[in-house]
Each structure stands twice: as structure tokens, then as C-alpha cells.
Amino acid sequence: TAVWNDMIHGLERMLTSMMDTNMKTQGYSAETMVEVLDKVGVVMALMKRLLPGIMILSGLAQLFVGFAVVDLYYTRRDKYFPGFGPFTYWKIPEGAFYLLGLALAIRLTMHGPGLAVVDNVLLILAAAYAVCGLALLEHLLRRLQLPLLVKIIFYLGLLLMQVPGMIILTLVGLFDSYFDFRRVRAHTLR
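Counting restarts for each chain, with residues numbered from 1 along the sequence as it is written. In view of the model being predicted, local features appear only for residues whose pLDDT reaches at least 70, and side-chain atom pairs are presented and counted only at 80 or more, with totals across whole chains, interfaces and linings using the full set of residues. Based on all heavy atoms of the structure, the side-chain values leave hydrogens and waters out of the count.

Draft legend 1. Seen up close, the overall build of the protein chain. Helix and strand definitions here come from DSSP, where helices need a minimum of 4 consecutive H or I residues and strands a minimum of 2 consecutive E residues; each element is numbered from the N-terminal end. Per the secondary structure count, the protein chain includes seven helices and zero strands. Ordering the α and β elements of the protein chain from the N terminus gives α-α-α-α-α-α-α. Radius of gyration here is computed from C-alpha atoms only, and the compact-globule reference equals 2.2 Å multiplied by the residue count raised to the power 0.38. Computed over the C-alpha atoms, the radius of gyration of the protein chain is 21 Å, more than 25% above the 16 Å expected from 2.2 N^0.38 for a compact globule of 190 residues. Structurally, the protein chain occupies a C-alpha span of about 65 × 45 × 30 Å along its principal axes. Burial status across the protein chain gives 24% buried among its 190 residues. Considering only intrachain contacts with a sequence separation of at least 6, the fraction spanning at least 24 residues in the protein chain is 67%. In these tables, accessible area is a Shrake-Rupley quantity obtained with a 1.4 Å probe, and a residue counts as shielded only by the protein chains included in the view. For the protein chain, the exposed surface amounts to about 13300 Å²; the carbon and sulfur share of it is 71%. A positive count includes Lys and Arg, and a negative count includes Asp and Glu. His and the chain ends are not counted in either. Where a charge sits is defined by one atom per residue type, namely NZ (Lys), CZ (Arg), CG (Asp) or CD (Glu). Counting 17 positive and 13 negative side-chain charges, the protein chain places the averaged centre of each group 11 Å from the other. Only protein chains enter the calculation, and the probe is 1.4 Å; a residue is then buried if its accessible area is under 20% of its type maximum, exposed if over 50%, and partly exposed in between. Contacts are assigned to residue pairs with any non-hydrogen atoms lying within 4.5 Å of each other.

See below:
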């Protein structure tokens with residue numbers, strides 16, 4: 001962890017130095033510069049705290065891309081490959097809902113260094129729920145048989161919303177995992 005701390009502090013110093021130089025040349029006031037640099041410090045502290053979760057999500061994304069390439073390779077050759085199934089039916093198991101509740105309860109009641117672990121677990125769960133929320137929205141868009149242009153505008157809107165878009169997707173995935181809007185449990189039993 002000492003290496004990561006040194007890297008984060010080095011990145012923070014470099015970013016602060018660059019922003020300080022750029023803002024001085026552009027004529028920003030001292031108060032504005034202090035305010036912006038304080039925000040950079042907050043973002044860097046958050047990044048440092050969530051770095052393990054970000055690294056896990058990065059590794060999982062790389063594994064997923066590799067798996068998708070292998071799946072594409074086998075399906076193009078008409079060979080069987082056990083994939084993830086249709087994206088529109090991806091769903092988080094209901095047990096993860098209770099893990100999320102436990103993590104939130106610990107987060108609200110606990111103090112100390114263990115909170116970083118809980119924050120990283122919450123980040124990973126939020127990302128998983130967001131992917132499944134996206135699957136539910138794709139399912140709805142396909143059922144409504146909307147044209148491709150409307151879908152592209154919808155997804156661009158979610159992308160441009162950034163953090164609020166991620167929160168919306170996470171909440172949609174969370175509600176779907178509990179209420180099962182698509183009847184995925186019934187679909188998998190057939």
C-alpha cells in the first residue's frame with residue numbers, strides 16, 4: 001500500500017502543480033484557485049479510498065471482454081460455448097440485496113479504517129446493479145420496439161448524465177433484483 005500511497009500523492013502533486021500553473025496564466029483569482037485545488041484534493045482522497053474496488057472492477061471488465069471475444073469466436077463457427085445468456089435477462093441474485101443491506105448497515109454504524117473495505121464492496125455492488133439495471137432498460141426498449149435512433153439518444157442521455165445516470169441505473173437494477181419486473185425467475189424455470 002505504500003507504493004499506491006506514493007503514486008497517489010505524486011499524481012496529486014503533479015495535478016495540483018499543473019492546475020496551479022494553468023490557472024495563474026489564465027488569470028484566476030487566488031480564492032478560485034484554492035477552491036479548485038481543494039476539490040482536486042477531495043477527488044484524489046476519494047480515488048485513493050476506492051482504488052481497490054476500481055482495480056477489481058477493471059479486472060472484471062477485462063475478463064468480460066476476453067470472455068466475450070471467445071464467445072464470439074465460437075458462435076461464429078457454430079460451436080457450442082456456454083455464454084452469459086441474453087443480456088436482457090441478466091439479473092443480480094436476490095441474496096446480493098441482503099449483502100447490500102448489511103454493507104449499508106455497517107457503513108452507517110461503523111467508524112474507523114474498516115469503512116474503506118465496506119465502501120469498496122458498495123462500489124462493486126453498485127456497478128453490478130447498474131449493469132443489471134441497464135439490462136432491464138434494454139429489455140424495456142426492445143419490448144417497446146423503439147427505433148435505433150431513439151435508443152441511441154436514450155443511451156447518450158444516460159451517458160451524459162454521468163453520476164446521476166449511474167445512480168438511476170443502480171436503483172433500477174436494485175428494484176428489479178427485488179421485484180423481478182421481467183419475470184426472469186419464471187423465464188429461467190421454463
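Picking up after the structure, the text goes on.
Draft legend 2. Looking closely at the packing of helix α3 (residues 94–109) against helix α6 (residues 163–179). Following both chains from N to C, one finds α3 and α6 inclined at 125 degrees, their axes separated by 8 Å at the closest point. Classed by the angle they form, the pair α3 and α6 counts as oblique. Read as a crossing pair, α3 and α6 show a hand that is left-handed. Contacts from E94, F97, Y98 and L100 in α3 reach L174, S177 and Y178 in α6. Note that Gly is not counted as nonpolar here; it falls among the polar residues with everything else outside the nonpolar set of Ala, Val, Leu, Ile, Met, Phe, Trp, Tyr, Cys and Pro and the charged set of Asp, Glu, Lys and Arg. Across the contact of α3 with α6, the residue classes tally to five nonpolar, one polar and one charged. Lines are fitted to the C-alpha atoms to define the axes, a helix being fitted only along its stretch in contact, and any angle between axes, read from their N-to-C directions, falls within 0 to 180 degrees. Put simply, angles under 35 degrees are roughly parallel, angles over 145 are roughly antiparallel, angles from 65 to 115 are roughly perpendicular, and the rest are oblique. A crossing counts as left-handed when the near helix is turned anticlockwise from the far one by less than a right angle, and as right-handed when that turn is clockwise.

Draft legend 3. Geometry of the pattern of salt bridges. Whenever Lys or Arg places a side-chain nitrogen within 4 Å of a carboxyl oxygen from Asp or Glu, that contact is recorded as a salt bridge. Following the criterion strictly, the structure yields five salt bridges and no others. Between E138 and K151 there is a salt bridge; the shortest N-O distance is 3.7 Å. Taken together, the residues E138 in helix α4 (residues 115–143) and K151 in helix α5 (residues 148–161) connect sequence positions 13 residues apart. Here E138 and K151 have matching classes, each one buried. Taken together, the salt bridges that share partners define one network made up of R49, R107 and D119.

Draft legend 4. View of the packing of aromatic side chains. Aromatic rings from Phe, Tyr and Trp, with only the six-membered ring used for Trp, were paired whenever their centres fell within 6.5 Å, and each pair was classed as stacked if the ring planes differed by under 30 degrees, edge-to-face if by over 60, and tilted otherwise. Throughout the structure, instances matching the rule amount to six aromatic pairs. Taking 5.4 Å as the distance between ring centres and 85 degrees as the angle between the ring planes, the aromatic pair formed by Y73 and Y74 counts as edge-to-face. These aromatic residues form a ring-pair network of at least three members: F64, F87 and W90.

Draft legend 5. How the structure looks around the confidence of the model for the protein chain. For the protein chain, mean pLDDT is 85; residues scoring 70 or higher make up 96% of the total. Across the chain, each position has a pLDDT score giving the predictor's confidence in that residue, from 0 to 100. Across the protein chain, α4 holds the top mean pLDDT of 92, while helix α7 (residues 184–189) sits lowest at 54.

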